[in-house]
Amino acid sequence: MEIHSLEQIIAEHPFFLDLDPAYASLLVGCASNVRFEPGRYIFREGEEANHFYLIRQGRVAVEISPPHRRPIVVDTLIEGEILGWSWLVPPYQWRFQARAMEGAHAIALDGKCLRAKCEANKELGYELLKRFSQVVGGRLDATRMQLLDLYAAH
Amino acid sequence: MVPSPWVVRQVSKETPDTFTLVLDPPGGARAKFTPGQFSMLWVGGVGELPISISGDPARPESLTYTVRSVGPATQSLVSRQAGQTVGVRGPYGIGWPIEAATGRDIIVAAGGIGLAPLRPVIYHVLANRADYGRLTILYGARNPRDILFRKELAVWAKQPDTQLLSTVDYGGVAWRGHVGVVTTLFKRLRLQPAKTTAMICGPEIMMRIVARDLIARGVSGEDVYLSMERNMKCAVGLCGHCQWGPHFVCKDGPVFPFSRIASLLDRHEL
Ligand code: FES
C-alpha cells in the first residue's frame, strides 16, 4: 500500500512530469518518505551525498558557510522542487548545506540505489540525467545572475 | 525649462542608502502626473537629475521621489531638510500603460530601486481594483536590508486578487523569506499570458531577462513594458543627450514596449 502511494507521489511530482510509469516503479524501490523539523539540517557541506529529495511541502534553505563568517543563504527551495544533485557526480559529496526553514516533507531517493539502477538500465539513467541537467542548468543561470550583483551601486 | 522651487515637506529613510522625498509645489498648485513619469530635480551647485515619481497619482497635493544616494548629486538631494527647496521641472515622459491595461491582469516586476517608479502603478491598480484583473507583484532586492517599502509590501500582499512574490539575492540565516534571483519567482507565478500586461523596472539585464522569460511563457512583446534609464539634460527631446537608437528616452519613453526596443537591448553601446 505504502509502495503504491510513494509511486503515485513520485509520478505526480513536477520533477518527474510525464515520466514513463515503468520508471516510477523502478524508482520507488529507492524512495522513502522523510520529514524534517524546522531548523534541522538535512545535510552539511563535505558529508557524503547519498540522497536527493523531492520537496513536497515546506521550504528549504541552501546555505554556504564562508570562512570566519556566518552562513549565507544562497537559494531557497519549495514544494515541487528538488534538493541535491551531488549524489549523481563523483566524489558524491555535498558542496553546500541544506536546512529546513519550516517543517518540510520530502521523498528521499537513495543515491547509491539509484546509481545502481541507472547502471543496469541506461535508459532510466539517461532520463534522470536529462531532468537533472535542466535543474543544474537553471541553477547555474541563477548563480551567474547572482554573481552580477545586479542591484549594487555602480 | 526653468526649475520652480518646490518645498521639501519630508525626507524619510527607506534603506541604508535610499530615501524618499515629498515635495510641495509652489503656491499650493496641483501636481498631476502619470505613473512612470519623471521630473528633473535641481540641487543648487551640484546639477540636475532625472528622478522617477514614486508617489500616489491620486494625491496631487505633492510629488514623491525615491532616491538612492550613490554620488555627490544624489547625496546632496537626500540631505535636504524639511522647509528647504529643490528646483523641479516636469513631470516629463511617457509612463506606464495604465489605460491600455484596463481589464487585464497586471504583472509588476521590479528589481532594487526599480520598485519606486512602479509604486504609482500599484497605488492606481489597488485604488481602481474593479478596472483590472489579477495583480502580481514580483520584487527582487539584493539582501533583506535593501528591501524598499517593506510595510507597504506586507499590506499589498493582503489585498484581494493580489499576489506578492519577493526574493533577495542573498539572505542571512535569520531571513525567513525567499532567496534567489528574481526570475526564480516565475515558477510560482500564476499566469494567463493572453490577458497579461507586464511592467518591468530594474537594472537593464534584469529587465531583459524577465521580459524574455515572460515572452517565453506566452506574454506578447507588445504587452511587456520596460522603463529605461539614460543620462538626460533637457528632458524634452531637444538636446539629444538621452538618444538611444532612434528614440529619445526623455520624450519617447522612459517606458517602452519591449517589442519596440528588443533589438536595441542587445547592443552594448548606443
Ligand atoms: S534629454 Fe535632451 S533630448 Fe532627451
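Residues numbered from 1 in each chain as written. Chains lettered and ligands numbered in written order. Predicted model: local features only at pLDDT ≥ 70, side-chain atom pairs only at ≥ 80, totals over all residues. Heavy atoms only, no water.

(A) View of the overall build of chain A. When helices and strands are tallied, chain A shows four helices and eight strands. Ordered by position in the sequence, the α and β elements of chain A form the string α-α-β-β-β-β-β-β-β-β-α-α. A globule of 154 residues ought to have a C-alpha radius of gyration of about 15 Å, and chain A, at 16 Å, matches this closely. The buried share of chain A, reckoned over its 154 residues, is 45%. Contacts spanning at least 24 positions in sequence make up 75% of the contacts within chain A whose residues lie at least 6 apart. As presented, chain A carries roughly 8,200 Å² of accessible surface, and 55% of it is formed by carbon and sulfur atoms. (Helix = DSSP H or I, 4+ residues; strand = E, 2+ residues; numbered from the N terminus. Rg over C-alpha atoms; globule rule 2.2 N^0.38 Å. Buried < 20%, exposed > 50% of the residue type's maximum accessible area, 1.4 Å probe, protein only. Contact = heavy atoms within 4.5 Å. Areas by Shrake-Rupley, 256 points an atom, 1.4 Å probe, with all protein chains shown as cover.)

(B) Inspection of the domain arrangement of chain B at higher detail. All names here are of chain B. Examined at the domain level, chain B breaks down into domain 1 (4-92) and domain 2 (105-227). With 18 residues of domain 1 in contact, the opposing surface of domain 2 contributes 13 residues. Carbon and sulfur atoms supply 66% of the area that domain 1 and domain 2 bury against each other, a total of about 1,100 Å² over both sides. In this assembly, domain 1 and domain 2 are joined by zero salt bridges. Our enumeration of links across domain 1 and domain 2 arrives at one residue pair in polar contact (both at pLDDT 80 or more). Counting residues per element, the ones that place at least two in the side of domain 1 that touches domain 2 are strand 1 (4-15), strand 2 (18-24) and strand 5 (63-68). For the side of domain 1 that touches domain 2, the leading source of residues is strand 5, giving four residues. When grouped by side-chain class, the residues that make up the side of domain 1 that touches domain 2 number six nonpolar, nine polar and three charged. (Domains from an automatic or database assignment. Buried area = accessible area lost by both parts, 1.4 Å probe. Salt bridge = Lys/Arg side-chain N within 4 Å of Asp/Glu carboxyl O. Polar contact = N/O pair within 3.5 Å; in protein donor to acceptor, adjacent residues only side chain to side chain. Nonpolar A, V, L, I, M, F, W, Y, C, P; charged D, E, K, R; others polar.)

(C) Molecular detail of the state of the cysteines. According to the stated counting rule, one finds one disulfide over all chains in the structure shown. A sulfur-sulfur separation of 2.0 Å characterises the disulfide bridge that pairs C30(A) with C113(A). An S-S torsion of about -70 degrees defines the bridge between C30(A) and C113(A) as left-handed. Placement of C30(A) in the loop between helix 2 (21-28) and strand 1 (31-36) and of C113(A) in helix 3 (residues 111-120) is noted, with a sequence separation of 83 residues between them. Free of any disulfide, C201(B) has its nearest cysteine sulfur in C242(B), 16 Å distant. (Disulfide = S-S within 2.5 Å.)

(D) Expanded view of the interface of chain B and chain A. Between chain B and chain A, the residue contacts involve 28 residues of the former and 23 residues of the latter. At the boundary of chain B with chain A, total buried surface from both sides reaches about 2,300 Å², with 58% on carbon and sulfur atoms. Where chain B meets chain A, there are one salt bridge. Sorting the residues of the side of chain B that touches chain A by element identifies strand 8 (135-141), strand 10 (171-172), strand 11 (178-179) and helix 4 (204-216) of chain B as the ones contributing at least two each. Here the side of chain B that touches chain A takes three residues from helix 4 of chain B, the largest share from any one element. Where strand 5 (residues 72-78) of chain A lies against strand 10 of chain B, two bridges are found, and the strand directions are antiparallel. (Pairing = 2+ DSSP bridges.)

(E) Up close: the sheet that holds strand 3 (residues 38-43) of chain B. Residue and element names in this part refer to chain B. In spatial order, the strands read 4-3-6-1-2-5; together these six strands make up an open sheet with antiparallel pairing. Where the open sheet ends on each side, the last strands, each with one partner, are strand 4 (47-52) and strand 5. Ignoring strand direction, the axes of neighbouring strands in this sheet form an average angle of 40 degrees. In the sheet, strand 1 pairs with strand 2 via seven bridges, with the strands oriented antiparallel. Of the residues in strand 2, the one forming a bridge with K13 is F19. (Axes fitted to C-alpha atoms, helices over the stretch in contact; angles between N-to-C directions.)

(F) Molecular detail of the sheet that holds strand 8 (residues 104-110) of chain A. All names here are of chain A. The antiparallel open sheet is built from four strands, whose spatial order is 1-8-3-6. Two strands bound the open sheet, and with one partner strand each, they are strand 1 and strand 6 (82-83). As judged from the six bridges shared by strand 3 (residues 51-57) and strand 8, these two strands associate in the antiparallel manner. Bridged to F52 within strand 8 is L109.

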